[in-house]
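# Descriptive structure summary
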Amino acid sequence: MVNVVVIGSQWGDEGKGKLVDWLSSQADIVVRFQGGHNAGHTLVIDDVTYKLSLLPSGIVRPGKLCIIGNGVVLDPWKLVEEIHSLQSEGVTITPENLKISDTATLILPFHKELDAMREDSSPKNNLGTTRRGIGPAYEDKVGRRSIRLGDLKDPKTVKNRVDLMALHHDPLRSYFGVNPIDKENIYKDIMNIFSKIKGHISPVWQELRNSIYQKKKILFEGAQGALLDLDHGTYPYVTSSNTLAGYASIGSGIGPQHLNYILGITKAYTTRVGSGPFPSELFDKNFDQLAKRGNEIGTVTGRPRRCGWFDSVLVKQVAQISGIKGLALTKLDVLDGFDEIKICIKYKIGNKFIDYIPSSISEQSEVEPVYESIRGWKTSVRGIRNWLDLPREAKEYIQFLEKQIGVDVDIITTSPEREDTIVKRNPFDEI
Ligand code: IMP
């Protein structure tokens, strides 16, 4: 039996959607374990495009059980909106195929407001968040003020928790010059939306435990990327959850021994949205080529993505701290036509060379990339589905990355089409 965890191994937007969809077609259960509706996955199945933010990707496939784990922060209004939008496209969503952990915490409207007020208040220090209330909702979780889904069935608890959150949020709101929380209305809105989602709420850890006994295949679908991890990413320019594979265990309630295979999705170059260090970032014509050919526009916020050469220092570090067993290299076709392709192999800081990203904010902003150049390929790899059909230079590029990172590239994607994929090793076939 094998359960697979998929994570992004850069700063998100590695093209997880297509691979997660392919893997979810082989899985029995698909689980989201962290983040919230800051994620954006686009799936194209039989020419129909589905845009998902919060729901696990398996939801568009009949017969799959989808689980939103306790590690997720959940905006119930967005959830209902996403369910309705998918239902209008003919997707079946019922309490039988969508279960949400009773210990997941809520994102409420004032979390979103606080996120935006903070971002707007200090352009110098802003993080470039998705403004969806993710950070403030996790803050309330850690501060032990949140409302968890399992508490919604008791109106008295909900009232008390709203009061408690108002005690914390009202002084902050007053600092930003906005009115205190309208407790009565928030309470009514919460109870109202609860009636629409209550059928889905359950202790999902029990469901997962039973599924493991029954040897079902579970796919854990990570959102964002490892370099946005709250502990191991480029702090403070990170998201507020743990995006590394280990969190699949905590964020869903199964033992870590059941996470058998960790697949790191890695773009063939590097992109990032929002602020923060990016050692191999490009500002020249190579940026234009990557951004244009890669259509590098954020799915959630529509912001242009920053682009740069592949950074093997970062991906190697991520592979080591996340226990990545195999890589899926995406968007290889975007590199078609370059005379030379550069790969960052180490950093220079002062007179020193290092092979890791330093932890301090100042040093992270000071590191300079040291590149190795390799010859590009002049033919197109677009649509290639067989390793042997790749041009020699493309094979050399991939083999160079494998050597730098110390992990095999198991899967390569060569166009947005699902079929245009080279599979050297299928994670679900691994024992
Ligand atoms: P937050 O998650 O909205 O708090 O945003 C924190 C940082 O994570 C910002 O730099 C966002 O651009 C980034 N971020 C959040 N979600 C995603 C995602 O799904 N893809 C890429 N970047 C993301």
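What counts, and where the lines are drawn
- Residues numbered from 1 in each chain as written.
- Predicted model: local features only at pLDDT ≥ 70, side-chain atom pairs only at ≥ 80, totals over all residues.
- Heavy atoms only, no water.
- Helix = DSSP H or I, 4+ residues; strand = E, 2+ residues; numbered from the N terminus.
- Rg over C-alpha atoms; globule rule 2.2 N^0.38 Å.
- Buried < 20%, exposed > 50% of the residue type's maximum accessible area, 1.4 Å probe, protein only.
- Areas by Shrake-Rupley, 256 points an atom, 1.4 Å probe, with all protein chains shown as cover.
- Lys, Arg positive; Asp, Glu negative; His and termini not counted.
- Charge placed at Lys NZ, Arg CZ, Asp CG, Glu CD.
- Domains from an automatic or database assignment.
- Contact = heavy atoms within 4.5 Å.
- Buried area = accessible area lost by both parts, 1.4 Å probe.
- Polar contact = N/O pair within 3.5 Å; in protein donor to acceptor, adjacent residues only side chain to side chain.
- 1 Å grid on protein atoms, 1.4 Å probe; cavity = no way out; pocket = protein on both sides within 12 Å on 5 of 7 lines; lining within 4 Å.
- Points joined across faces, edges and corners; volume = space filled by probe spheres on them.
- Nonpolar A, V, L, I, M, F, W, Y, C, P; charged D, E, K, R; others polar.
- Pairing = 2+ DSSP bridges.
- Near = heavy atom within 4 Å.

## Some details on the overall build of the chain
The helix and strand tally for the chain stands at 12 helices and 20 strands. What you see for the chain is a C-alpha radius of gyration of 22 Å, in line with the 22 Å of a compact globule of 431 residues. With the C-alpha coordinates aligned to their principal axes, the bounding extent of the chain is approximately 65 × 50 × 40 Å. Taking all 431 residues of the chain together, the buried fraction comes to 56%. Total accessible area on the chain is roughly 18300 Å²; 49% of this is exposed by carbon and sulfur atoms. The positive charge centre, built from 55 side chains, and the negative charge centre, built from 54, are 2 Å apart in the chain.

## Some remarks on the domain arrangement of the chain
You can read the domains of the chain as domain 1 (4–101 + 202–261), domain 2 (105–197) and domain 3 (265–423). The straight-line distance from the C-alpha centre of domain 1 to that of domain 2 is 23 Å. On the side of domain 2, 20 residues touch domain 1, which itself brings 24 residues to the contact. Taken together, both faces of the contact between domain 1 and domain 2 bury some 1800 Å²; the carbon and sulfur share is 68%. Looking only at domain 1, the three residues that lose the most surface to domain 2 are His37, Val73 and Trp77, adding up to 33% of its buried area. Taken together, the links from domain 1 to domain 2 amount to five residue pairs in polar contact (both at pLDDT 80 or more). Looking at the side of domain 1 that touches domain 2, the element that brings in the most residues is helix 2 (residues 76–88), giving four residues.

## What about the layout of surface pockets?
Considered as a void within the structure, the second largest pocket measures approximately 240 Å³ in volume. Every residue lining the second largest pocket is counted, 14 residues in all, and those nearest its centre are Lys51, Leu52, Ser53, Glu82 and Arg132. Residue assignment for the lining of the second largest pocket shows that the elements contributing at least two residues are strand 3 (41–45), strand 4 (48–52) and helix 2. If you tally residues by element for the lining of the second largest pocket, the top one is helix 2, at three residues. Its residues assigned to classes, the lining of the second largest pocket shows three nonpolar, six polar and five charged.

## Comments concerning the sheet that holds strand 9 (residues 201–202)
In space, the 10 strands of this open sheet follow the order 9-7-5-2-10-1-11-15-19-20, with mixed pairing throughout. Sheet topology places strand 9 and strand 20 (421–423) at the edges, where each strand pairs with a single neighbour.

## Thoughts on unusual backbone geometry
Peptide bonds are trans in most cases, and residues, glycine excluded, mostly fall at negative phi. Cis peptide bonds are those with omega within 30 degrees of zero, and the linkage from tyrosine 235 to proline 236 qualifies with 5°. If you trace the backbone, proline 236 turns up in the loop between strand 10 (218–221) and helix 8 (247–250). Residues other than glycine seldom take positive phi values, yet aspartate 13 does so here, at roughly 60°. For aspartate 13, the position within the fold is in the loop between strand 1 (4–8) and helix 1 (16–24). The partly exposed category is assigned to aspartate 13, whose relative accessible area is 23%. With phi around 50°, asparagine 295 is a residue other than glycine that occupies positive phi space. Along the chain, the position of asparagine 295 falls in the loop between helix 9 (285–293) and strand 13 (306–308). For asparagine 295, a relative accessible area of 56% gives the class exposed.

## Some details on the site of the ligand
Asn38, Gly128, Thr130, Thr239 and Arg303 are the nearest of the 15 residues found near the ligand. Aspartate 13 is positioned such that a nitrogen or oxygen atom in its side chain is 3.3 Å from a nitrogen atom of the ligand. Here glycine 128 contributes a backbone N or O atom positioned 3.2 Å from an oxygen atom of the ligand. Residue composition of the shell around the ligand, grouped by class: six nonpolar, seven polar and two charged.

## Some remarks on the side chain of glutamate 14
Mapped onto the secondary structure, glutamate 14 falls in the loop between strand 1 and helix 1. The exposure class assigned to glutamate 14 is buried, which follows from its relative accessible area of 0%. A polar side-chain atom of glutamate 14 sits 2.9 Å from the main-chain amide nitrogen of glycine 12. Side chain to side chain, glutamate 14 and lysine 16 meet in a polar contact 2.9 Å long. Residues within four places of glutamate 14 in sequence aside, it is in contact with Gly8, Ser9, Gln224, Gly225, Ile265, Thr266, Lys267 and Thr330.

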